[in-house]
Structures are given as C-alpha cells and as structure tokens.
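Observations on the model geometry
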Amino acid sequence: MSVLASPREAIERHLDALAGRNWTEFVDQYADDAVVEIPFAVTTPRRLAGRAEIQAHLDRAAGSPLVLRPANIVVYTTGDPEMIIAEFDYHVTITTTGQTFTVPNIQVFRVRAGKIVSTRDYHDHVSLAAALGQLPALVSAATAA
C-alpha cells in the first residue's frame, strides 16, 4: 500500500522536478484531469486541461529558447487543506542571446489524493514581456480586451 503525499509534499516534489528539469516526474504530479491556468502568459493566456495537454505544452516548450529554473522557493499551507501557495523566482535564460533575468512568481495549487488537480500561475508578466521584447504586444492584447 502506498502512502499518499501530503499537499505540501506533493508541491515540493513538483517544484523539485521543475528545478531538475525532470519532465516525466513533473507531469506525473498532475491528476489525469488537472487544469493549469497561466492567465498572464506572453502574449495570450493559457489554459491546459488534462495531463496529455500539459505534456503536449511541455513538448512544445522544449524547443523554446527560454530556460526557466525556479529558485528561492517558499511553500505555504493555507486554511484550506487542499490549497498550497508557492512563491519563487524564475531565473530565466534566453539561450539564443545569453540574456538572463529573474521573474517573480506566485503559484496557487489545489492538491487531492497526492496529485495536483489545478494550478494558477501569477508570474510578473510585464518583466517577462519586456525582457523578450514583447511588451508592446502584451499592452496591445490587454487594451484590446
């Protein structure tokens, strides 16, 4: 009989997998029907539904010149036993230019039965867009809504 990870342990394992770029373990932390929301993605919001769609997103991202590594990770529990909040910095490298910068991030997770069922990402999209030279497109998209 396997013991289910607590929500905090599940998120700590998830972020360790992200830091180590262990994509198989990273995706395995999600429930089959998990929902990932990245409302401030440059330049259009993303909503991924299901583990297969999350995996497909990671497969597409593998060819991206962005390399994100989380650092300074702090994990908080809340009054809701299923909700975990993680605060961390993404250390970002653009491999094509060698440019590096840091993007602050807060991520809210909901965990059930040791698996992530939903997450919402709140990174500093303005800093990321500016560093990528996409700030005008981000402003245009935001004002068109």
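This is a predicted model, so every value here is computed, not measured.

Reading guide: rules and limits
Residues numbered from 1 in each chain as written. Predicted model: local features only at pLDDT ≥ 70, side-chain atom pairs only at ≥ 80, totals over all residues. Heavy atoms only, no water. Helix = DSSP H or I, 4+ residues; strand = E, 2+ residues; numbered from the N terminus. Buried < 20%, exposed > 50% of the residue type's maximum accessible area, 1.4 Å probe, protein only. Contact = heavy atoms within 4.5 Å. Areas by Shrake-Rupley, 256 points an atom, 1.4 Å probe, with all protein chains shown as cover. Expected span 1.5 Å × (residues − 1). Arc of directions from axis to C-beta. Pairing = 2+ DSSP bridges. pLDDT = per-residue confidence, 0-100. Polar contact = N/O pair within 3.5 Å; in protein donor to acceptor, adjacent residues only side chain to side chain.

1. Thoughts on the overall build of the protein chain
What the protein chain contains, in helices and strands, is five helices and six strands. Relative to its 145 residues, the protein chain shows a buried fraction of 34%. Of the contacts made within the protein chain by residues no fewer than 6 positions apart, 45% connect residues no fewer than 24 positions apart. Only carbon and sulfur atoms are counted for the fraction: they give 56% of the accessible area of the protein chain, which is about 8,000 Å².

2. Some words on helix H1 (residues 7-19)
Between its first and last C-alpha atoms H1 spans 18 Å; for 13 residues at 1.5 Å apiece the expected length is 18 Å, and the two agree. Those residues of H1 that sit buried are Ala10, Ile11, His14, Leu15, Ala17 and Leu18. Angular distribution of buried residues about the axis of H1 spans 155°; they occupy a single face of the element. Where H1 ends, the next residue or the one after it, arginine 21, has phi of about 55°, a positive value.

3. Thoughts on the pairing of strand E5 (residues 100-112)
Judged by which residues are buried, E5 turns out to be one-sided: Phe101, Val103, Asn105, Gln107, Phe109 and Val111 face inward and are buried, whereas Thr100, Thr102, Pro104, Ile106, Val108, Arg110 and Arg112, on the alternate face, are not. From the end of strand E4 (residues 83-94) to the start of E5, which pair antiparallel, there are five residues, and glycine 98 there has a positive phi angle of about 80°.

4. Examining the confidence of the model for the protein chain
Low pLDDT means the predicted coordinates in that region are not meant to be read closely. The pLDDT averaged across the protein chain works out to 78; a share of 77% of its residues lies at or above 70. The secondary structure element of the protein chain with the lowest average pLDDT is helix H5 (residues 135-144), at 50, and the one with the highest is strand E1 (residues 30-38), at 87. With pLDDT under 50 throughout, residues 141-145 is counted as low confidence; its partners more than four residues away or in other chains account for one contact.

5. Points about the side chain of asparagine 105
Tracing the backbone shows asparagine 105 in strand E5. A distance of 3.1 Å separates a polar atom in the side chain of asparagine 105 from a polar atom in the side chain of aspartate 121.

6. Re unusual backbone geometry
Its identity is not glycine, yet asparagine 72 carries a phi of approximately 55°, on the positive side. Here asparagine 72 is to be found in strand E3 (residues 66-77). Positive phi outside glycine occurs at alanine 113, with the angle close to 50°. With respect to the element layout, alanine 113 can be found in the loop between E5 and strand E6 (115-123).

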